[in-house]
Amino acid sequence: MSIKIEALAIPDVKLVTPPRFGDDRGFFSETYNAEKFKAAGIDADFVQDNHSLSAQTGTVRGLHFQAPPFAQAKLVRCLRGAIVDVAVDVRKGSPTYGKWVKAELSAENGVQIYVPRGFLHGFATLVPDTEIAYKVDNYYSKECDGAVIWNDPSLAIDWGIDPATATLSAKDSAAQSFAEFASPF
């Protein structure tokens, strides 16, 4: 068995499903292999790993981006719990500009999502104490950090949670609307 990599409705965003080999001890899974990713058209040179814990169900992190020259591609996976992960195309001139795709990632299903540069990214937790790990292909820059409000009505994203009970950071609560957003991509 090999890593399964398939395009979503926006073809540059990929679902990555690594095989799991299990026995009575648990399982083993190769979650990243540069050679196999490159063969599938993912040529990211990951330079940093990040890990987050969201204590409450309905925690939303996003929609985030890093502007050039610190734009980032991401490979996201769920270590514990479950999320709805969302990517919004904000590449100027793209036929899917302003469109979004989503996938459910969980510790149980082992599915990952690859989000290339030029996308807003965010997720909502579906269960408490959810842990996410993700690789990025560029370093974080506070000066290049930005966000668009997660529940912008013009995007109409289905996050799979009750918006009235969402938990957000102060930064995400104050994020700009999609109409105010001037894409740097």
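Just so it is clear, the structure is predicted and the values come from calculations on it, not from any experiment. (Residues numbered from 1 in each chain as written. Predicted model: local features only at pLDDT ≥ 70, side-chain atom pairs only at ≥ 80, totals over all residues. Heavy atoms only, no water.)

Undergrad: Quick question: what am I supposed to make of the sheet that holds strand 7 (residues 74-80) here?
TA: The strands making up a sheet associate through backbone hydrogen bonding, with each pair oriented either parallel or antiparallel. The sheet built from 6 strands is open, its strands ordered 1-2-10-7-12-5 with antiparallel pairing. Taken across any chain shown, the strands that pair with only one partner, and hence form the sheet edges, are strand 1 (4-7) and strand 5 (48-54). Neighbour to neighbour, the strand axes of the sheet diverge by 25° on average, direction disregarded. Of the strand pairs in this sheet, strand 7 and strand 12 (residues 130-136) are connected by 6 bridges, and their pairing is antiparallel. Of the residues in strand 12, the one forming a bridge with Leu75 is Lys135. (Pairing = 2+ DSSP bridges. Helix = DSSP H or I, 4+ residues; strand = E, 2+ residues; numbered from the N terminus. Axes fitted to C-alpha atoms, helices over the stretch in contact; angles between N-to-C directions.)

Undergrad: What am I meant to see in the packing of aromatic side chains here?
TA: Given two aromatic rings, their pairing is described by the distance between the two centres and the angle made by the two planes. On inspection of all chains with the given rule, the structure shows 7 aromatic pairs. With a centroid separation of 5.4 Å and an interplanar angle of 75°, the aromatic rings of Tyr32 and Phe46 are classed as edge-to-face. Note that Tyr32 is positioned in the loop between strand 4 (26-29) and helix 1 (34-39) and Phe46 in the loop between helix 1 and strand 5, a separation of 14 residues in sequence. On the accessibility criterion, Phe46 (16% relative accessible area) is buried. For the ring pair Trp150 and Trp159, a centre distance of 5.8 Å and an interplane angle of 65° mean the geometry is edge-to-face. Here Trp150 falls in the buried class, since its relative accessible area comes to 3%. One aromatic cluster in this structure is built from Phe65, Tyr97, Phe178, Phe181 and Phe185. If you follow Arg20 out to its NZ or CZ, it ends over the ring of Phe27, 4.1 Å from the centre. (Phe/Tyr/Trp six-rings, centres within 6.5 Å; stacked < 30°, edge-to-face > 60°. Buried < 20%, exposed > 50% of the residue type's maximum accessible area, 1.4 Å probe, protein only. Lys NZ or Arg CZ within 6 Å of the ring centre and 35° of its normal.)

Undergrad: Help me understand the nonpolar core, please; the structure alone is not making it clear to me.
TA: If you look at soluble globular proteins, the nonpolar side chains tend to sit buried side by side. Counting 23 residues, the largest nonpolar core has Leu63, Val88, Leu120 and Trp159 as the members making the most contacts within it. Breaking this core down by element, the ones donating at least two residues are strand 6 (60-66), strand 8 (82-89) and strand 11 (119-125). Counting residues in each nonpolar core, the second largest holds 16 residues, with Leu15, Ile83, Phe119 and Ile132 among its members. (Core = buried A, V, L, I, M, F, W, Y, C linked by side-chain atoms within 4.5 Å.)

Undergrad: Can you walk me through unusual backbone geometry in this structure?
TA: Where the residue is not glycine, phi is negative for most of them; where a peptide bond is considered, it is trans in most cases. Cis peptide bonds are those with omega within 30 degrees of zero, and the linkage from Gly62 to Leu63 qualifies with 5°. Within the fold, Leu63 resides in strand 6. The phi dihedral of Asp129 falls on the positive side, at around 55°, and the residue is not glycine. If you trace the backbone, Asp129 turns up in the loop between strand 11 and strand 12.

Undergrad: Hey, could you run me through the sheet that holds strand 11 in this one?
TA: A sheet is described by the order of its strands in space; here 5 strands give the open sequence 9-8-11-6-13, paired in antiparallel fashion. Both edges of this open sheet fall to strand 9 (100-106) and strand 13 (145-147), since each of them pairs with a single strand only. For this sheet the average axis-to-axis angle between neighbouring strands, irrespective of direction, equals 25°. Both strand 6 and strand 11 contribute to a ladder of 3 bridges, which runs antiparallel. When the sheet's bridge partners are listed, His64 is paired in strand 11 with His121.

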